[in-house]
Amino acid sequence: MPELPEVETIKRDLEKAILGKKITEACVHNPKVIREPGVAAFKKGLEGAAIKEILRKAKVLILELSNGKSLVVHLKMTGQLVYPGSGKQSRVVFHLSDGKTLDFNDQRLFGELRLLDDWRSLKFIQGLGPEPADLTWQQFRAILHKKKTAIKPLLMDQTFISGIGNIYASEILFRAKIRPERRANELRDKEKRLLFKAINDILNAAILHAGSSVDDYVRVSGKKGGYVKYHRVYDRQGKPCLVCKTKIKKISQGGRGTYFCSKCQK
Ligand SMILES: [Zn+2]
């Protein structure tokens, strides 16, 4: 699933591609991806509205429109936004005032589109913890101190800190040299500091390289992001650690694959 760096990349790509343009028509080829309102109201609410501003909250994109409404896009597992689109196999095609289309593709149909009067009232948005860049060291330290859960699922808990998923949780813990099963409240202060720094360092590096194209993630142009080649542990089970040559291990935590080096990470 696209995580913070991928969705941030899409946001920046969209700003260059479609900001200020008008949606002339929305063609809904599969209504399953429209969560609210109904398809007719969704189409009607979009038509004629210009894209005024593009925001990102955690892994969610928000397109604020000139008519006061917002198009909220959660890509989930296989969602893609492609411009200029081809219309082929797209679930929703947004026709724009420049004669081109923005296509919403979603092979597995887990994606969610909403047209809302106030995106801030969305329950999911209200439940989000701070963006990594907004979290202070004092807040971070205080929260870890109270949590007895394993650190890796905690990093992925969107109510604690928003935007980190399975790829970056593994990469961040490798950078901080911390084992994914360690309990948050048992980390030493020095480790918490390393972890705090690793979160922003890894996410910023991933944004710089336009995210990780694992599974279906592509940029708005359809091109892949370039960060996979910088992965140190994610999806590298059985391969030698790039630091110490120990074989990277894969375990399951909360139903998700977790990758780590048993020598570099303590
Ligand atoms: Zn190692």
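Read on for a plain summary of the structure. Bear in mind the structure is a predicted one, so any value in this text is a computation, not a measurement.

1. Some points on the overall build of the protein
Alright, step 1. Along the protein, the regular secondary structure elements total seven helices and 11 strands.
Alright, step 2. Oriented by its inertia axes, the alpha-carbon framework of the protein measures out at about 55 × 35 × 30 Å.
Alright, step 3. Counting the 266 residues in the protein, one finds 53% classified as buried.
Alright, step 4. Long-range pairs, those at least 24 residues apart, make up 63% of the contacts in the protein with a sequence separation of at least 6.
Alright, step 5. Accessible area for the protein stands at about 12,700 Å²; split by element, carbon and sulfur atoms hold 50% of it.
Alright, step 6. Between the averaged position of the 51 positive side-chain charges in the protein and that of its 28 negative side-chain charges there is a distance of 7 Å.

2. Thoughts on the nonpolar core
Nonpolar side chains tend toward joint burial in soluble globular proteins.
Alright, step 1. Counting residues in hydrophobic clusters, the biggest one holds 39 residues, and the most contacted among them are Phe-140, Leu-144, Ile-151, Leu-155, Tyr-168, Ile-172 and Leu-195.
Alright, step 2. Where this core is concerned, the elements lending two or more residues are helix 4 (137–146), helix 5 (151–155), helix 6 (166–175) and helix 7 (189–208).
Alright, step 3. The element best represented in this core is helix 7, accounting for eight residues.
Alright, step 4. Aside from chain neighbours lying at most four places away, what touches Leu-144 is Ile-151, Leu-154, Phe-160, Ala-184, Asn-185, Leu-187, Lys-192 and Leu-195.

3. A closer look at the coordination of the zinc ion
Alright, step 1. Protein ligation of the zinc ion involves Cys-241 (SG), Cys-244 (SG), Cys-261 (SG) and Cys-264 (SG), the donor distances falling in the range 2.3 to 2.4 Å.
Alright, step 2. Considering all four donor atoms around the zinc ion, the spread of angles at the metal, 99 to 114°, places the coordination shape in the tetrahedral class.
Alright, step 3. Each donor residue of the zinc ion belongs to the same chain, with the gaps between them written as C-x2-C-x16-C-x2-C.

4. Description of helix 2 (residues 39–46)
Alright, step 1. Residues Phe-42, Gly-45 and Leu-46 constitute the buried set of helix 2. Summarising the axial view, the buried residues of helix 2 lie within an arc of 95°, below the 170-degree limit, and thus occupy one face. Exposed residues on helix 2 whose side chains face more than 90 degrees from its buried face are Ala-40 and Lys-44.
Alright, step 2. Looking at the buried residues of helix 2, the elements they touch are strand 1 (23–28), strand 2 (34–36), strand 4 (60–65), strand 5 (70–74), strand 7 (92–96) and strand 9 (112–116).
Alright, step 3. Just beyond helix 2, the residue with positive phi is Gly-48, at close to 90°.

5. A short note on the sheet that holds strand 9
Alright, step 1. Read across the open sheet, the five strands follow the order 2-9-5-4-3; overall the sheet is mixed. Every interior strand has two partners, whereas the edge strands, strand 2 and strand 3 (51–57), have only one. Direction aside, the axes of adjacent strands within the sheet are offset by 20° on average.
Alright, step 2. Across five bridges, the pairing between strand 5 and strand 9 is antiparallel. The residue bridging His-74 from the neighbouring strand is Glu-112, located in strand 9.
Alright, step 3. Against the sheet, helix 1 (residues 4–18) makes contact with strand 3 and strand 4, and its axis sits at roughly 170° relative to strand 3, the strand it touches most.
Alright, step 4. Seen against the sheet, helix 2 touches strand 2, strand 4, strand 5 and strand 9 and runs at an angle of roughly 65° to strand 9.

6. Observations regarding the side chain of Ser-70
Alright, step 1. Its place among the elements puts Ser-70 in strand 5.
Alright, step 2. Overall, Ser-70 belongs to the buried group, its relative accessible area being 3%.
Alright, step 3. Among all residues touching Ser-70, those that are not within four sequence positions of it are Ile-62, Leu-63, Glu-64, Arg-114, Leu-115, Leu-116 and Trp-119.

Reading the values: rules and limits
Residues numbered from 1 in each chain as written. Predicted model: local features only at pLDDT ≥ 70, side-chain atom pairs only at ≥ 80, totals over all residues. Heavy atoms only, no water. Helix = DSSP H or I, 4+ residues; strand = E, 2+ residues; numbered from the N terminus. Buried < 20%, exposed > 50% of the residue type's maximum accessible area, 1.4 Å probe, protein only. Contact = heavy atoms within 4.5 Å. Areas by Shrake-Rupley, 256 points an atom, 1.4 Å probe, with all protein chains shown as cover. Lys, Arg positive; Asp, Glu negative; His and termini not counted. Charge placed at Lys NZ, Arg CZ, Asp CG, Glu CD. Core = buried A, V, L, I, M, F, W, Y, C linked by side-chain atoms within 4.5 Å. Donors = N, O, S within 2.8 Å, 3.2 Å for Na, K, Ca; no water. Tetrahedral: all angles 85-135°; square planar, octahedral: opposite > 155°, others 65-115°. Arc of directions from axis to C-beta. Pairing = 2+ DSSP bridges. Axes fitted to C-alpha atoms, helices over the stretch in contact; angles between N-to-C directions.

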